[in-house]
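Take a look at the letters that make up each chain.
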Amino acid sequence: MTIDLTVNGQPRRFAGDPRTPLIDLLREDLRLTGAKAVCREGFCGTCTVLVDGQPVPACLRPVGLLAGAEITTVEGLAPQGDLNPVQRAFLDHDVVQCGMCFSGMVVTLTALLHRNTAPTRAEVKAALTGNMCRCTGYERIVDAVLSLAPADPPTEAAR
Ligand code: FES
Ligand code: FES
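Below is a summary of the structure that appears in this document. Within every chain, residues take consecutive numbers counted from 1 along the sequence as written. Note on labels: chains are lettered from A, ligands numbered from 1, in written order. Local features in this predicted model are restricted to residues whose pLDDT is 70 or higher, and side-chain atom pairs enter the listing and the counts only when it is 80 or higher, whereas totals over whole chains, interfaces and linings include all residues. Hydrogens are left out, water is left out, and the side-chain values use all remaining heavy atoms of the structure.

### Details of the pairing of strand 2 (residues 10–15)
Here is step 1 of the chain: The pairing of strand 1 (residues 2–7) with strand 2 spans six bridges and is classified as antiparallel. Bridged to aspartate 4 within strand 2 is arginine 13.
Here is step 2 of the chain: If you look at the hairpin formed by strand 1 and strand 2, you'll find two residues sitting between the two strands, and asparagine 8 has a positive phi there, around 50°. Pairing between strands requires that DSSP locate at least two bridges from one strand to the other. Every helix listed is a DSSP run of H or I at least four residues long, and every strand listed is a run of E at least two residues long, numbered separately from the N terminus.

Following this line, the structure appears as structure tokens:
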């Protein structure tokens, strides 16, 4: 079966078993190794990528269901070797330890900031329910994201 889709702005053609998980197409065929495959069951979020702008676990998406889809991986969020704002904030707040969760977190949080430029602490935590980190603890991750909000964001009580 042949599937045409777009990955990080580039047209790509997949020829093979349509049940192949998107994470395997990305990591094994395209050598985009930012997204990680840890649990392969949809629990950990290390494989998170954007499909048509929405963060999804790439381990659970068969390529056969993605004809015409626009896929964005963490590599596509930081073209030309730059860091995107979430990555920069993670570094500035010493968030990253082992790094296994890093790519999925960056994808999820970048999508959050695209739809909500001034999230509350509760909204950041809610966005991260599908992304596990077993090293850093979530408070520093949330602090990093909130540092990217505008200078005078609405208060939790006001939202
Ligand atoms: S590897 Fe996909 S959610 Fe864990
Ligand atoms: S930094 Fe190790 S799992 Fe998050």
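Don't stop here, the text continues.
### Some words on the packing of aromatic side chains
Here is step 1 of the chain: Only Phe, Tyr and Trp rings take part, Trp by its six-membered ring, and two of them pair if their centres are within 6.5 Å. Stacked means planes under 30 degrees apart, edge-to-face means over 60, and tilted covers everything else. According to the stated counting rule, one finds one aromatic pair in the structure shown.
Here is step 2 of the chain: On the basis of an interplanar angle of 70° and a centroid distance of 5.4 Å, the ring pair of phenylalanine 90 and phenylalanine 102 is categorised as edge-to-face. One end of the pair, phenylalanine 90, is in helix 3 (residues 85–92); the other, phenylalanine 102, is in helix 4 (residues 102–115), with 12 residues separating them in the sequence.
Here is step 3 of the chain: The class for phenylalanine 90 is buried, based on a relative accessible area of 1%.
Here is step 4 of the chain: Under the relative-accessibility criterion, phenylalanine 102 is labelled buried at 17%. A 1.4 Å probe rolled over the protein chains alone gives each residue an accessible area, and that area as a share of the maximum for its type sets the label: buried under 20%, exposed over 50%, partly exposed in between.

### Let's talk about the pairing of strand 1
Here is step 1 of the chain: Bridge count between strand 1 and strand 5 (residues 70–72): two bridges; the pairing is parallel. Within strand 5, the residue paired with threonine 6 across the bridge is glutamate 70.

### With respect to the nonpolar core
Here is step 1 of the chain: The set of buried Ala, Val, Leu, Ile, Met, Phe, Trp, Tyr and Cys residues whose side-chain atoms join them within 4.5 Å is what this entry labels a nonpolar core. The biggest cluster of nonpolar side chains holds 24 residues, and the ones touching the most others in it are Phe90, Met105, Val106, Leu109, Val124, Leu128 and Ile141.
Here is step 2 of the chain: Of all the secondary-structure elements, those providing two or more residues to this core are helix 2 (74–77), helix 3, helix 4, helix 5 (121–127) and helix 6 (138–146).
Here is step 3 of the chain: Among the elements that take part in this core, helix 4 stands out by supplying eight residues, more than any other.
Here is step 4 of the chain: Look past the residues within four positions of methionine 105 in its chain and what remains in contact with it is Phe90, Leu128, Asn131, Met132, Cys133, Tyr138 and Ile141.
Here is step 5 of the chain: In terms of nonpolar packing, the next biggest core, distinct from the first, is built from 21 residues, Ile3, Phe14, Leu32 and Ala58 among them. Note on contacts: a residue pair is in contact if any heavy atoms of the two residues lie within 4.5 Å.

### Some words on the environment of glycine 130
Here is step 1 of the chain: One can find glycine 130 in the loop between helix 5 and helix 6.
Here is step 2 of the chain: Counting along the chain gives 103 residues from glycine 130 to arginine 27, while the straight-line C-alpha distance between them is 21 Å.

### Brief notes about the packing of helix 3 against helix 4
Here is step 1 of the chain: The contact between helix 3 and helix 4 brings their axes to 9 Å, and the two run at 120°. When the axis of helix 3 is compared with that of helix 4, the two are oblique. Along this stretch, helix 3 crosses helix 4, giving a crossing that reads as right-handed. Side by side, helix 3 and helix 4 meet where Val86, Gln87 and Phe90 of the first sit next to Phe102, Met105, Val106, Leu109, Thr110 and Leu113 of the second.
Here is step 2 of the chain: In this classification, Asp, Glu, Lys and Arg are treated as charged, Ala, Val, Leu, Ile, Met, Phe, Trp, Tyr, Cys and Pro as nonpolar, and every other residue, Gly included, as polar. Of the residues assigned to the contact of helix 3 with helix 4, the class counts are seven nonpolar, two polar and no charged. To get an axis, fit a line to the C-alpha atoms, keeping to the stretch in contact for a helix; angles then go from 0 to 180 degrees between the N-to-C directions. Should an angle fall under 35 degrees it is taken as roughly parallel, and over 145 as roughly antiparallel, whereas 65 to 115 is taken as roughly perpendicular and any remaining angle as oblique. By convention the crossing between two helices is left-handed if the near helix lies anticlockwise of the far one by an angle smaller than a right angle, and right-handed if it lies clockwise.

### Structural notes on the pattern of salt bridges
It is possible for side chains of opposite charge to pair when their charged atoms get near one another.
Here is step 1 of the chain: Each salt bridge in this description consists of a side-chain nitrogen of Lys or Arg and a carboxyl oxygen of Asp or Glu lying within 4 Å of one another. With the rule as written, the count across this model stands at six salt bridges.
Here is step 2 of the chain: A salt bridge links aspartate 24 to arginine 40, with the shortest nitrogen-to-oxygen separation between them at 2.7 Å. Pair noted here: aspartate 24 is in helix 1 (residues 22–29) and arginine 40 is in the loop between helix 1 and strand 3 (48–51), with a separation of 16 residues, a long-range link.
Here is step 3 of the chain: For arginine 40, a relative accessible area of 39% corresponds to the partly exposed category.
Here is step 4 of the chain: A single network of salt bridges, built from pairs that share partners, joins Arg121, Lys125, Glu139 and Asp143.

Purely geometric numbers; function is a separate question.
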